[in-house]
Amino acid sequence: MSLEVTGVRKSFGRFPALDDVSLLAENGEFLALLGPSGSGKTTLLRVIAGLEEAETGSVRFGDEDLLAKPVRQRGIGLVFQHYALFRHMTAAQNIAFGIKSKPRAVRPSANQIKAKVEELLNLVQLEGLGGRYPSQLSGGQRQRVALARALAIEPKILLLDEPFGALDAKVRRGLRRWLRELHERTGLTTIFVTHDQEEALELADRVAILKDGKVEQIGTPEELYHDPASAFVFDFLGDSIQMACEVKGGMAVIGGVSAPIIGQKPDKDGPATAYIRPDGFQIGPKDGEGLGARIRDVLLAGPDARIDCVIDNDGAVEVRVPHKAAKGLAPKDRITLKARAVRVWA
Amino acid sequence: MYLSRPAKNPARRDPTLLAGVMIGVAIIYLVFVLFLPLFTVFFEALRKGFGDYFRGLADRDALSAIKLTLLIAAIAAPLNTVFGLAAAWCVTKFEFFGKNVLLTLIDLPFSISPVISGLVYVLLYGANGWFGPTLDAWGIQIIFTVTGIVLATTLVTLPFVARELIPLMQGQGTDEEAAAATLGAGGLRTFFLVTLPNIKWGLMYGVLLCTARAMGEFGAVAVVSGKIRGQTATMPLQVEILYNEYNFVAAFAVASLLALFALITLAVKTFLEARFAHELAAQRWR
């Protein structure tokens, strides 16, 4: 069964947090909601969970109307950004809370609950730490307790709000891979919110990019990266360099050199802004064709050589070229830059 | 909350002279403002020996005042505990129109003189008050009775529990309650298993302060009670009555007992804190 969000609107005072949002999460899909802060991604998550009320629109799971149900009957597991663990309860008590909250008729016996908690502690690799209080656990461990607690109610959907937001970079990377594996094992439809594009592209089956309460684009990481629907998506998913250009017959002319336009082509000719990734340039000798520039710095550590240069009568850019092409270049050298291909949005 | 040990790092240590002066000033201040008056109460009460001290306490009117005071506290404190919990829950976990007005109203008894709190009850329920004649016709008397004293005391001590809980609960936010809801817990289960354990120390502190204040209230009670000896005189009123009769030993004896009640409440709090220090420490994370 899939989760279907249709035309959801929500505003806080006069600020529209969600403006006609629609999206679909397939059964078992790992979907990321990606966007800058204030884009409405957490609000959307809270609407699905039932912690915020949508003004219009619907949220359905299969043929079940989720908005008609109160939070506690939705059966949605939510992992909060700061975990929201019950701090006066041990990890095991935290995990057992949801199961013990079930109506008496469907509540498992005390022994079954204990076994289930053990099983979940194993699943999140916290064997033997069930007796610890949240204050006695590290950030990564708390996060996994929160996850186990959400999984304990056997939810139909798992929602994660900035699951790695409060962790340091190294713990983050380890947990990321682990979460992906866990998802493959449980097969649970999972939606997670993040503002980190690298995290979204690496983890998710599909990514929905939100901006100002609207879905800007939704697709697989590959589609988004190679076929961005807007300048915002292009800019958000990686470093981008913007340059003024003149569109002429399906080509973009920058500094007298025309470059092919990839993807959507603008309808009419005229001045526009070209978007280029840092590795989309070719470097030429100072008397070559293209934009003249003066090198400020050449950085040779890393998979590519990075050349920091100032374009004549324009700003500084940092372009990336193969080490071979950077050979012999030094600060203060003059070069020319030629865009290989650009993107232009109307 | 805890005094830190003097910093080992010499760079962080204050000059010895300055530290000495500051500590001296603090001690002198505490001695004259806090310790000496407290000492005087017990000293004066025992000036003529234990015999007179206990005779002062065993007096029929004094015993009646002690009983009345404990009764008033036993009614007013639970009332305001329930009110304080409800008010704090409502103010911190929900958004609604008029919230700031409610917050200000909760504080009102702190800023109004207790005498006025007493007077409004006389104006409302007294013989010539708004509801006085009606109540009189029904055979209900409020002013100059225990009912009136309870009402006045409850009003004066109304903010203690709420004021203690509101900042605490605001700081804790609503995430844990929201988490409990997503896990399937209903309102009552959430309140008793999630909210209450998180605020129990603040709540206890608020209740103790409320109780201590309820026992010691003078102004409002003086106005509504009519200070009838052996009937509507609470301990603070009895102290004043005895003092005005130049019966100093008895006055200070009752006063010392009142002070003792206050000290006991504080001792209970300290004991509980020490007893559950481990649990408290576990909660101090966030």
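Each remark here, short or long, concerns the structure printed above.
Residues numbered from 1 in each chain as written. Chains lettered and ligands numbered in written order. Predicted model: local features only at pLDDT ≥ 70, side-chain atom pairs only at ≥ 80, totals over all residues. Heavy atoms only, no water.

Asks: Looking at this structure, I do not really get the interface of chain A and chain B. What am I missing?
Replies: One widely used convention gives an interface's size as the accessible area the parts lose upon coming together. Facing the 25 residues of chain A at the interface are 22 residues of chain B. Summed over both sides, the interface of chain A with chain B buries roughly 2,300 Å², with 62% coming from carbon and sulfur. If you look at where chain A meets chain B, you find 5 residue pairs in polar contact (both at pLDDT 80 or more). Looking at the side of chain A that touches chain B, the elements that each hand over two or more residues are β6 (76–79), α2 (91–100) and α4 (139–152) of chain A. (Contact = heavy atoms within 4.5 Å. Buried area = accessible area lost by both parts, 1.4 Å probe. Polar contact = N/O pair within 3.5 Å; in protein donor to acceptor, adjacent residues only side chain to side chain. Helix = DSSP H or I, 4+ residues; strand = E, 2+ residues; numbered from the N terminus.)

Asks: What's the story with the packing of aromatic side chains in this structure? I'm lost.
Replies: Aromatic rings considered in pairs are described by the distance between their centres and by the relative angle of their planes. With the rule as written, the count across this model stands at 17 aromatic pairs over all chains. On the basis of an interplanar angle of 80° and a centroid distance of 5.2 Å, the ring pair of B:Tyr53 and B:Phe54 is categorised as edge-to-face. Relative to B:Phe248, the ring of B:Tyr246 has its centre 6.3 Å away and its plane inclined at 90°; by these criteria the two rings are edge-to-face. Relative accessible area serves as the criterion here: at 65%, B:Tyr246 is assigned to the exposed category. Take B:Phe248: its relative accessible area is 37%, and that puts it in the partly exposed class. Across the ring face of A:Tyr225, the terminal group of A:Arg277 is positioned such that the distance to the ring centre comes to 4.8 Å. Lying over the aromatic face of A:Phe97, B:Arg189 brings its terminal NZ or CZ to 4.7 Å of the ring centre. (Phe/Tyr/Trp six-rings, centres within 6.5 Å; stacked < 30°, edge-to-face > 60°. Buried < 20%, exposed > 50% of the residue type's maximum accessible area, 1.4 Å probe, protein only. Lys NZ or Arg CZ within 6 Å of the ring centre and 35° of its normal.)

Asks: Sorry if this is basic, but what is going on with the packing of α2(A) against α4(A) here?
Replies: In a pair of packed helices, the angle between the axes and the distance between the axes together describe the arrangement. Residues and elements named next belong to chain A. Between α2 and α4, the shortest axis-to-axis distance is 7 Å and the interhelical angle comes to 25°. Between α2 and α4, the crossing angle belongs to the class labelled roughly parallel. The chirality of how α2 crosses α4 is right-handed. Here Ala91, Asn94, Ile95 and Ile99 of α2 lie close against α4, whose contacting residues are Val145, Ala148, Arg149 and Ala152. Partitioning the contact of α2 with α4 into residue classes produces 6 nonpolar, 1 polar and 1 charged. (Axes fitted to C-alpha atoms, helices over the stretch in contact; angles between N-to-C directions. Parallel < 35°, antiparallel > 145°, perpendicular 65-115°, else oblique. Left-handed = near helix turned anticlockwise from the far one by under 90°. Nonpolar A, V, L, I, M, F, W, Y, C, P; charged D, E, K, R; others polar.)

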